[in-house]
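Each chain, written out:
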Amino acid sequence: MNVTDTDVPDQLLFANWRFDANTGDLFDGDSTTHLEPQVAKLLTYFLCHQDTLISRDELIAEAWENRTVSDDAINRCISILRRILSPDDKNAYIETVVRRGFISHFPPPPIAQARTIQPPRNKNYLIVAAFVVVSLIAIYFVVGKVTDTPVDVPEEPSQGTPKLAVLPFSTTDLDGDSDFFANGIHDDLLTQLAQLQSIQVISRTSVLEYRDTVRNLRDIGRELGVDAILEGGVQRVGDQIRINVQLIDASTDAHLWAQQYDRDLSPANIFEVQTEIARAIAAALHANLTEQDTSQLHTLPTQNMAAYRAYHRAMELRGTWNIADPAYFTALEEAVSLDPTFVRAWAELAGAFSYEYFSREDPDSIQRAEKILERIHELAPDSADYLFAQSYFTYYVLRDYPTAYQLVSHAQQLRPNDVRVAELKSWIQRRLGNYEERLDTLRLIRTLDPRSPGWVSNLAGNLTLSHRYDEAIHEIESSTFQNMRLASLLAFLQVQQHHDFDRWLGALLELQQEYGEAPDPNDVWEAQIAVRDFEAAKESVKAVFADNDFVPGWAHPGFAKAGVLQAITFRFLQDADQLDQLLIQGRSEHDEIRGPDGGFDGHLKHLEMAILSTEAGNSLETERLIRVWQRAAVDDLAEFINLRHWACRALGMAAASTAAVDCIRLGLVEPSLITPFIEPYLPYYDSMRNEPEFVGLVAEIESGEYAIPYKP
């Protein structure tokens, strides 16, 4: 129905309002506001089409008779209506549906009001009101359009650091190139904003799920925990590019700022627009740019369009975790070949080669990475790109964790909102054993990347290692994500509450029915050992291997957990034949890799040999091997923290009661997987259960000496 149709009632009533569609007079019972024609047409259309999705094209057709108008014109008129009708809740009557349009819903008028309300008789009042409205609109066009002043900025700045989400940019045509530029500009803008000190910006991975979505902006804002949302569109036409953006208050749906940029297509113009957008966002959110912010926003990564394209081809591959793809390296090398001063591409390439060396110790990768770092140092020695690339190299290649920590901390000062920088910092903190600091870093990452369930698991797991069990339970139970990993960890932690190992095992087995996949066989094996169902544990240990193929032996990278689990299971089953066969094979395989001094290059093998030695009844040898492993593991505290419970168990099986008790005690006050509600009650310690040292330890635990209070 067109807004000019004759069947539109002259008087439209809603809430405490009476609206005359012919004159544009809006009366609230005390005064009348005269709406300008376009605003009046929009209100009429919204009133006549309630609870129905209305697209922007539909509004243009009805209120502007299909004339060419910008999104700014629509936003301005809707903003006027919202300020007049619902200043305290801008979304109360007219709700934005992201990228789809609007839905209106107006409450009906009170019956008594509908009978008694009368418009004012003083026509001079109408003239004054109309003059005020027209004057305000004129001021908007003269001042707002010239200075890009936000359309509807909150009167008071929000408390704390404002949080922003930048939704993936849309395209309005079928040109695949427009889609390419929309993705590239979105990625670059996030990189620009990640440098700002005064705004927190949600990561790319958390906003990608809202691409082409039909969701209420307030719901999106609530899910991401942000104060404002930036959405936009990109259209390329020949050698021109148009970028439309609008900043929206996530709680009220009010438009804070909107702008359209038409530029010649070049990297310089694209980055200039991104800088203008970043500045406008900061102004609209009352965030003061620091001197560092201003300096970094002026950095131009490249002016070469072909290099820009190659770089973003690589970024698309990285976004799919496909950095092992040769095309990823090829695209980056093409970018730096086309523009040898492209620091951002050089830094990405240095990080890729460093990780490549870490993955397969390729000598060529380390040489390439070193040369690239020299090149970046020549171009931008103080840049975040150089610091981050150097951090990667120092961590993955040199494995100098203290130096890597200093470098990545400096990089984070320059890019406080960059999840990749924070993620690398968390891995370095893990290697250094800085678990309290790591918890803070993980909390930051969870804030910046709230839609990635892996970070919830990571945070809950590290809280568990830090013996903050109630906090870990709270993180899992308050999370919007539910998956097998979180559910398995929750079942483990809940033993603290019910102290029932059978219930723990039952909960794990029930998860398969709930999630349609089997839980981690290591978790099931642990619970089966705890309830002393060793026959079932023998079956579970087979599933540790890929495709459930049972491969006896210790030929497993790193810590040969499969061999360890088998040896322990056969020991508890008292299956001497199977155990002897496995131990002979294990010792033979370990002897083949011993060094000239009788030791191992891989210090994890000392821990494996300690477990093997328990079967010979040589507790002194077990203790010696554990000490050797502990001394070596201080160079990589992540290994020590994550595996120290196995050292305690080896000492327990060797009946080295004093050493085992000391091991458990330290594990209860330092980060470890040793828990007071599970570890002392496991069968590894049965041979020493009546020893005075162990009895005293259990008494300490049951008195609550190792309980850590919950700090929400």
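See the structure printed just above.
Novice: When you look at the packing of aromatic side chains in this model, what are you seeing that I'm missing?
Specialist: The geometry of an aromatic ring pair comes down to the distance between the two centres and the angle between the two planes. Taken as a whole and judged by the stated rule, the model has 26 aromatic pairs. Ring centres of Tyr311 and Phe342 lie 5.2 Å apart, and the angle between their planes is 45 degrees; on these two criteria the pair is classed as tilted. In this pair, Tyr311 sits in helix 11 (residues 305-319) while Phe342 sits in the loop between helix 12 (326-338) and helix 13 (343-360), placing the two residues 31 residues apart along the sequence. Taken together through their ring pairs, the aromatic side chains of Trp525, Phe534, Phe572, Trp646, Tyr684, Tyr685 and Phe694 make up a single cluster. Directly above the ring of Trp427 sits Arg438, whose terminal nitrogen or CZ lies 5.1 Å from the centroid.

Novice: Please explain unusual backbone geometry as it appears in this structure.
Specialist: Most peptide bonds are trans, and most residues other than glycine sit at a negative phi. If you check the backbone angles, His467 has positive phi at about 65 degrees while not being a glycine. Position of His467 among the secondary structure elements: in the loop between helix 19 (453-465) and helix 20 (469-478). The phi torsion at Gln574 lies on the positive side, around 55 degrees, for a residue other than glycine.

Novice: Any chance you could explain the nonpolar core here in plain terms?
Specialist: In a soluble, globular protein the nonpolar side chains are often hidden away together inside. Residues Trp504, Trp525, Trp646 and Tyr684 are the most contacted members of the largest nonpolar core, which totals 83 residues. Ranked by size, the runner-up nonpolar core spans 37 residues in total, among them Phe180, Leu196, Ile241 and Ala282.

Novice: I keep staring at the state of the cysteines and nothing clicks. Help me out?
Specialist: Where two cysteines share a covalent bond between their sulfur atoms, that bond is called a disulfide. In this structure the tally under the stated criterion is one disulfide. Paired by a disulfide, Cys648 and Cys663 hold their sulfur atoms 1.9 Å apart. Linking Cys648 and Cys663, the disulfide has an S-S dihedral of approximately -85 degrees and is accordingly described as left-handed. Highlighted residues: Cys648 in helix 30 (residues 637-653) and Cys663 in helix 31 (residues 657-669), separated in sequence by 15 residues.

Novice: Could you clarify how one ought to interpret the pattern of salt bridges in this entry?
Specialist: Any two side chains of opposite charge can pair, given that their charged atoms come close. For the structure shown, the criterion picks out 27 salt bridges. A salt bridge links Arg204 to Asp187; the nearest nitrogen and oxygen atoms lie 3.6 Å apart. With Arg204 in helix 7 (residues 204-207) and Asp187 in helix 6 (residues 176-193), this pair connects stretches of sequence that are 17 residues apart. On the basis of relative accessibility, which here comes to 22%, the residue Arg204 falls in the partly exposed class. Look at Asp187 and you get buried, because its relative accessible area is 10%. The closest approach of N and O atoms between Asp219 and Arg222, which form a salt bridge, is 2.3 Å. In this pair, Asp219 and Arg222 both sit in helix 8 (residues 217-224), three residues apart, roughly one turn of the helix. On the basis of relative accessible area, Asp219 is assigned to the partly exposed category, the value being 28%. When salt bridges with common partners are traced through the structure, they connect Glu436, Asp440, Arg443, Arg468 and Glu471 into a single cluster.

Novice: What should I look at first to understand the sheet that holds strand 1 (residues 11-14) in this one?
Specialist: The pairing of strands in a sheet happens through backbone hydrogen bonds and is either parallel or antiparallel. In spatial order, the strands read 1-2-3-4; together these four strands make up an open sheet with antiparallel pairing. Each of the sheet's edge strands pairs with one partner strand only, and the pair in question is strand 1 and strand 4 (32-34). The sheet shows a mean angle of 20 degrees between the axes of neighbouring strands, taken without regard to direction. Pairing of strand 1 with strand 2 (residues 17-20) involves four bridges; the strand directions are antiparallel. In the strand pairing of strand 2, Phe14 is matched with Trp17. On top of the sheet, helix 1 (residues 37-48) reaches strand 1, strand 2 and strand 3 (25-27); it is set at about 115 degrees to strand 2, its chief contact.

Novice: Explain the pairing of strand 1 here, please?
Specialist: Consecutive residues of a regular strand have side chains that alternate between opposite faces of the sheet. Burial of strand 1 is one-sided: the residues Leu12 and Phe14 facing one way are buried, the residues Gln11 and Leu13 facing the other way are not. Between the antiparallel neighbours strand 1 and strand 2 lie two residues, among them Ala15 with a positive phi of about 45 degrees.

Novice: Got a minute to help me understand the packing of helix 16 (residues 401-414) against helix 17 (residues 419-432) in this structure?
Specialist: Relative orientation and spacing of two packed helices are given, respectively, by the angle between their axes and the distance between those axes. Put simply, helix 16 and helix 17 touch, their axes get as near as 9 Å, and they point 155 degrees apart. With respect to helix 17, the axis of helix 16 lies roughly antiparallel. Our pair here, helix 16 against helix 17, has a crossing hand that is left-handed. In contact with Tyr401, Pro402, Ala404, Tyr405, Val408, Ser409, Ala411 and Gln412 of helix 16, helix 17 contributes Val421, Ala422, Leu424, Lys425, Ile428, Gln429, Arg431 and Leu432. Partitioned by chemical class, the residues of the contact of helix 16 with helix 17 number 11 nonpolar, three polar and two charged.

About the cut-offs
- Residues numbered from 1 in each chain as written.
- Predicted model: local features only at pLDDT ≥ 70, side-chain atom pairs only at ≥ 80, totals over all residues.
- Heavy atoms only, no water.
- Phe/Tyr/Trp six-rings, centres within 6.5 Å; stacked < 30°, edge-to-face > 60°.
- Helix = DSSP H or I, 4+ residues; strand = E, 2+ residues; numbered from the N terminus.
- Lys NZ or Arg CZ within 6 Å of the ring centre and 35° of its normal.
- Core = buried A, V, L, I, M, F, W, Y, C linked by side-chain atoms within 4.5 Å.
- Buried < 20%, exposed > 50% of the residue type's maximum accessible area, 1.4 Å probe, protein only.
- Disulfide = S-S within 2.5 Å.
- Salt bridge = Lys/Arg side-chain N within 4 Å of Asp/Glu carboxyl O.
- Pairing = 2+ DSSP bridges.
- Axes fitted to C-alpha atoms, helices over the stretch in contact; angles between N-to-C directions.
- Contact = heavy atoms within 4.5 Å.
- Parallel < 35°, antiparallel > 145°, perpendicular 65-115°, else oblique.
- Left-handed = near helix turned anticlockwise from the far one by under 90°.
- Nonpolar A, V, L, I, M, F, W, Y, C, P; charged D, E, K, R; others polar.

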